[in-house]
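Understanding the architecture of this molecule
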Amino acid sequence: MHLTTQRRAAWALAALAVGAFTYVTAEVLPIGLLTVMAADLDRSPSETGLLVTGYAAVVVLASLPLTRLTQRVPRRRLLTVTLGVFVAGMLLTAVAPNYPVLLGGRLLVAATQALFWSVATPAAAAMFPPEIRGRAIARMSIGSSLGPVLGVPVGTWLGQQVGWRTAFALAAAVGLITCVTVATLMPGRRQAGDGSDGHEPGRGATPDARRYALLIVATVIGVGGYLTAYTYITPFLLDFGGFAPAALSPLLLASGISGVAGTIVVGRLLDSRPRMALVGPLALITCALLALYFFGALHPVAVVALCVTGMSFSALAAAIASRALQVAPGSTDIASAGSGSAFNIGIAGGSLLGGALIDHSGVRSVTVAGAVLTAAALAALLCERWVAPARASAPERTAPARSAR
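Heads up: these notes are all about the structure in this document. (Residues numbered from 1 in each chain as written. Predicted model: local features only at pLDDT ≥ 70, side-chain atom pairs only at ≥ 80, totals over all residues. Heavy atoms only, no water.)

Remarks on the pattern of salt bridges
Across all of its chains, the model carries 6 salt bridges by this definition. The shortest N-O distance in the salt bridge between aspartate 208 and arginine 210 comes to 3.9 Å. Measuring nitrogen to oxygen at the nearest pair gives 3.1 Å for the salt bridge that ties glutamate 384 to arginine 211. Taken together, the positions of glutamate 384 in helix α15 (residues 384–387) and arginine 211 in helix α8 (residues 209–230) put the pair 173 residues apart, joining distant regions of the chain. Note on glutamate 384: relative accessible area 4%, which makes it buried. Beyond isolated ion pairs, a larger network of salt bridges with shared partners links Arg211, Arg275, Arg323 and Glu384. (Salt bridge = Lys/Arg side-chain N within 4 Å of Asp/Glu carboxyl O. Helix = DSSP H or I, 4+ residues; strand = E, 2+ residues; numbered from the N terminus. Buried < 20%, exposed > 50% of the residue type's maximum accessible area, 1.4 Å probe, protein only.)

Below, the structure is given as structure tokens:
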């Protein structure tokens, strides 16, 4: 890759990482500002909570249809328009005079997020040679890992100090800068690293429908297992762990920072050991959740286990995104949309399961239930060679890459 082209691709990748950061912040920000928004709009907390629930539902339901509808649109143009609509939706949210308009703005932003996550990951990979595409995906994922650590706390603080509308307007401004950067720097008709000038959807390096299907199933189960426990980690730490309420923020911050570290570390494995990048984090999450179940009342053990789960889950998210592109049986955009939908289904399912367990079995049960599910996902992936045997004997790391435009 020419040095100028390499630098341009690196800056474009940084812009996509900022876009991922902004989307994660925009999605979760209403949680931190729930009471402030509810009071300003004269709505109950449960009604305001629909701003998050409805958002997640749109992301799940719209990913595949929108990706299919736009798969022949060149990626630079598509991402530019997507980010432009995101900015409009965030501004509509910021100036909404009432709840229905606010909800409409949120759902519009959710639709752009569904498309962004489906297209941005394959686009990031396509800008680089096949041997470093996994690393590129990991670097982009750093942005999404920073969202809960930096974006949400800063947005929450800003919203509490000067009003929640200012926080959403600032997110819109960041989105606008990202949109302009992507439009300026991202390759257009020609994709960096592939030498082709069409805009047909890319293909997986080692396409295999059975392995892709197994990945989707393992994603739903594994992500669901993690969220079964993590959604209710706060009451677990308080009630079973015996931590003081003042310790919660530092603990969650440590988990978030560990997640950023996990994303960086897994980048070294995605290209050379893609299966290890998947099964390793799942194994660590399973062990950490079991440690919380048996020894969560011991503060040093609980802290270490919490950091291990945060690190491993962020690594797992990047590994799933990378693996979906490798084994995509057709368009990488469609494969990315499918894995993203599976990820969000796991999030929703895990949250619901954890809530049911707390009501009937107590808060401690969410950790062991989560461990059982992540262990099941791990077992499924370990059996991949028997459930979905490879069609070729060449090692994954040397498999020829097809065009990933």
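A look at the packing of helix α6 (residues 133–162) against helix α7 (residues 164–185)
It is at 6 Å that the axes of α6 and α7 come closest, and there the two elements cross at 135°. As the angle between them shows, α6 and α7 are arranged oblique. Contact with α6, carried on its side by Gly155, Leu158, Gly159 and Val162, involves Trp164, Thr166, Ala167 and Leu170 of α7 and no other residues of that element. (Axes fitted to C-alpha atoms, helices over the stretch in contact; angles between N-to-C directions. Parallel < 35°, antiparallel > 145°, perpendicular 65-115°, else oblique. Contact = heavy atoms within 4.5 Å.)

Topic: the packing of α8 against helix α13 (residues 332–361)
One way to put it is that α8 packs onto α13 with a least axis distance of 7 Å and a crossing angle of 35°. The two elements α8 and α13 meet at a crossing, and its hand is right-handed. Class assignment for the residues of the contact of α8 with α13 results in 13 nonpolar, 9 polar and no charged. (Left-handed = near helix turned anticlockwise from the far one by under 90°. Nonpolar A, V, L, I, M, F, W, Y, C, P; charged D, E, K, R; others polar.)

Considering the environment of arginine 135
Looking at the secondary structure, you find arginine 135 in helix α6. Here arginine 135 falls in the partly exposed class, since its relative accessible area comes to 40%. Once the C-alpha coordinates of arginine 135 and arginine 268 are considered, the two residues, 133 residues apart in sequence, prove to be 6.5 Å apart. Beyond its immediate sequence surroundings of up to four residues, arginine 135 is in contact with Gly267 and Asp271.

Quick notes on the nonpolar core
Counting 46 residues, the largest nonpolar core has Leu237, Leu270, Leu278, Leu292, Phe313 and Leu316 as its most contacted members. Among the elements of the structure, α8, α9 (233–240), α10 (248–266), α11 (274–295), α12 (299–327), α13 and α14 (365–382) are those that each provide at least two residues to this core. When residues in this core are grouped by element, the largest group, 11 residues, is from α12. Not counting residues up to four positions away in its chain, the partners in contact with phenylalanine 313 are Val223, Tyr226, Leu227, Ile285 and Phe343. In terms of nonpolar packing, the next biggest core, distinct from the first, is built from 45 residues, Leu16, Ala20, Leu41 and Ala110 among them. (Core = buried A, V, L, I, M, F, W, Y, C linked by side-chain atoms within 4.5 Å.)

Here we look at the packing of aromatic side chains
Scanning all chains against the criterion turns up 10 aromatic pairs. Each ring, one from tyrosine 293 and one from phenylalanine 294, has its centre 5.0 Å from the other, and the planes form 85°; the classification is edge-to-face. Assessed through its relative accessible area of 53%, phenylalanine 294 is described here as exposed. Look at phenylalanine 313 and phenylalanine 343: their rings are 5.6 Å apart centre to centre, the planes differ by 40°, and that puts the pair in the tilted class. Taken together, the residues span a long stretch of sequence, with phenylalanine 313 in helix α12 and phenylalanine 343 in helix α13 at a distance of 30 residues. The class for phenylalanine 343 is buried, based on a relative accessible area of 16%. Arginine 364 extends its terminal NZ or CZ atom over the ring of tyrosine 293, reaching a point 4.1 Å from the ring centre. (Phe/Tyr/Trp six-rings, centres within 6.5 Å; stacked < 30°, edge-to-face > 60°. Lys NZ or Arg CZ within 6 Å of the ring centre and 35° of its normal.)

Comments concerning the side chain of threonine 22
One can find threonine 22 in helix α1 (residues 3–32). A relative accessible area of 4% means that threonine 22 is categorised as buried. What threonine 22 contacts, discounting residues up to four positions off in sequence, is Phe86, Ala171, Val174 and Gly175.

Quick word on α10
Relative to the 27 Å expected for 19 residues at 1.5 Å per residue, α10 spans 27 Å between its end C-alpha atoms, a close match to the ideal helical length. For α10, every residue scored as buried is listed here: Leu248, Leu251, Ser255, Gly256, Ser258, Gly259, Val260, Gly262, Thr263 and Val266. Among the structural elements, α6, α8, α9, α11 and α12 are those in contact with the buried residues of α10. (Expected span 1.5 Å × (residues − 1).)

Remarks on the state of the cysteines
All told, the structure shown has 0 disulfides when counted by the stated rule. For the unlinked cysteine cysteine 307, the closest cysteine sulfur is that of cysteine 287, found at 16 Å. The structure places no disulfide on cysteine 383, whose sulfur is separated from the nearest cysteine sulfur, that of cysteine 287, by 17 Å. By relative accessible area, which is 35% here, cysteine 383 ends up partly exposed. (Disulfide = S-S within 2.5 Å.)

Considerations on the side chain of threonine 93
By the secondary structure assignment, threonine 93 is in helix α4 (residues 75–95). Exposure remark for threonine 93: the relative accessible area of 0% places this residue in the buried category. One polar contact links the side chain of threonine 93 to the main-chain carbonyl oxygen of glycine 89, over a distance of 2.8 Å. Not counting chain neighbours up to four residues away, the residues in contact with threonine 93 comprise Leu102, Gly105, Arg106, Trp164, Arg165 and Phe168. (Polar contact = N/O pair within 3.5 Å; in protein donor to acceptor, adjacent residues only side chain to side chain.)

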